[in-house]
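Okay, here's what each chain looks like letter by letter:
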Amino acid sequence: QVQLVESGGGAVQAGGSLTLACAASGSIANINRMGWYRQAPGKQRELVATITSGGSTNYADSVKGRFTISRDNAKNTVYLQMNSLKPEGTAVFYCNANLRASSSDYFRVYWGQGTQVTVSS
């Protein structure tokens, strides 16, 4: 069974940094795009950043220049380095991956369970 497990969330003061990690495990044949999304209290889930298997990245305007997404294909892991964090960035961060399980002929999107990031002023 394929699972995505996030780690690295926590509490930090404004201006601080955190690095999130998300590892995909199970019988995986291929992983295409991986990404990070966040959901603040009372708001819809929104895209933060994505990265393709070839390393092409895409960022939300609100995080450009402060966040960096990267991945280790050998470890099926995606990272999100977050610098200069702001209080309005408090949210639950979710990773997702478009992947094909070994038992399937098709790609589908999997989600992690989420990790809380709290930024205090």
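Described in the following lines is the structure provided in the data block. (Residues numbered from 1 in each chain as written. Predicted model: local features only at pLDDT ≥ 70, side-chain atom pairs only at ≥ 80, totals over all residues. Heavy atoms only, no water.)

**What to know about the overall build of the protein**
- Along its length, the protein carries zero helices and 11 strands.
- Going from the N terminus to the C terminus, the protein shows its helices and strands as β-β-β-β-β-β-β-β-β-β-β.
- Relative to the compact-globule value of 14 Å for 121 residues, the protein shows a C-alpha radius of gyration of 14 Å, a close match.
- With respect to the principal axes defined by its C-alpha atoms, the protein has extents near 45 × 25 × 25 Å.
- Looking at the 121 residues of the protein, the share that counts as buried comes to 41%.
- Across the protein, contacts joining residues at least 24 apart in sequence account for 56% of those joining residues at least 6 apart. (Helix = DSSP H or I, 4+ residues; strand = E, 2+ residues; numbered from the N terminus. Rg over C-alpha atoms; globule rule 2.2 N^0.38 Å. Buried < 20%, exposed > 50% of the residue type's maximum accessible area, 1.4 Å probe, protein only. Contact = heavy atoms within 4.5 Å.)

**A few points about the packing of aromatic side chains**
- Scanning the model with the defined rule gives one aromatic pair in all.
- Arranged with centres 5.1 Å apart and planes meeting at 65 degrees, the rings of Tyr-37 and Trp-111 form a pair that is edge-to-face. With a gap of 74 residues between them, Tyr-37 in strand β4 (residues 28–39) and Trp-111 in strand β10 (residues 108–111) connect regions that are remote in the sequence.
- A residue is classified by how much of its surface remains accessible, and Tyr-37, at 21% relative accessible area, is partly exposed. (Phe/Tyr/Trp six-rings, centres within 6.5 Å; stacked < 30°, edge-to-face > 60°.)

**Describing the pattern of salt bridges**
- Going through the model one piece at a time under the given rule, you end up with two salt bridges.
- Between Arg-38 and Glu-46 there is a salt bridge, with its nearest N and O atoms 2.8 Å apart. (Salt bridge = Lys/Arg side-chain N within 4 Å of Asp/Glu carboxyl O.)

**Some remarks on unusual backbone geometry**
- Located in the positive-phi region is Asn-76, a residue other than glycine, with phi close to 50 degrees.
- Within the fold, Asn-76 resides in the loop between β7 (67–72) and β8 (77–82).
- Since its relative accessible area comes to 24%, Asn-76 is described here as partly exposed.
- Positive phi outside glycine occurs at Ser-84, with the angle close to 50 degrees.
- Along the chain, the position of Ser-84 falls in the loop between β8 and β9 (91–101).

**Digging into the sheet that holds β7**
- Taken in spatial order, the four strands of this open sheet run β1-β3-β8-β7, and their pairing is antiparallel. Looking at the sheet topology across the chains shown, the edges are occupied by β1 (3–7) and β7. Strand-to-strand twist across the sheet, computed as the mean angle between neighbouring axes with direction ignored, equals 15 degrees.
- Strand direction decides the pairing type here: β1 and strand β3 (residues 18–25), joined by five bridges, are antiparallel. The residue of β3 that forms the bridge with Glu-6 is Cys-22. (Pairing = 2+ DSSP bridges. Axes fitted to C-alpha atoms, helices over the stretch in contact; angles between N-to-C directions.)

**A word on the nonpolar core**
- Trp-36, Val-48, Phe-67, Ile-69, Leu-80, Met-82 and Phe-93 are the most contacted members of the largest nonpolar core, which totals 33 residues.
- Counting only elements with at least two residues in this core, the list comes to β3, β4, β5 (46–51), β7, β8, β9 and β11 (115–120).
- Tallying contributions element by element places β9 first for this core, with six residues.
- Residues contacting Leu-80, with those up to four places away along its chain left out, are Leu-18, Thr-19, Leu-20, Trp-36, Val-48, Ala-49, Phe-67, Thr-68, Ile-69 and Phe-93. (Core = buried A, V, L, I, M, F, W, Y, C linked by side-chain atoms within 4.5 Å.)

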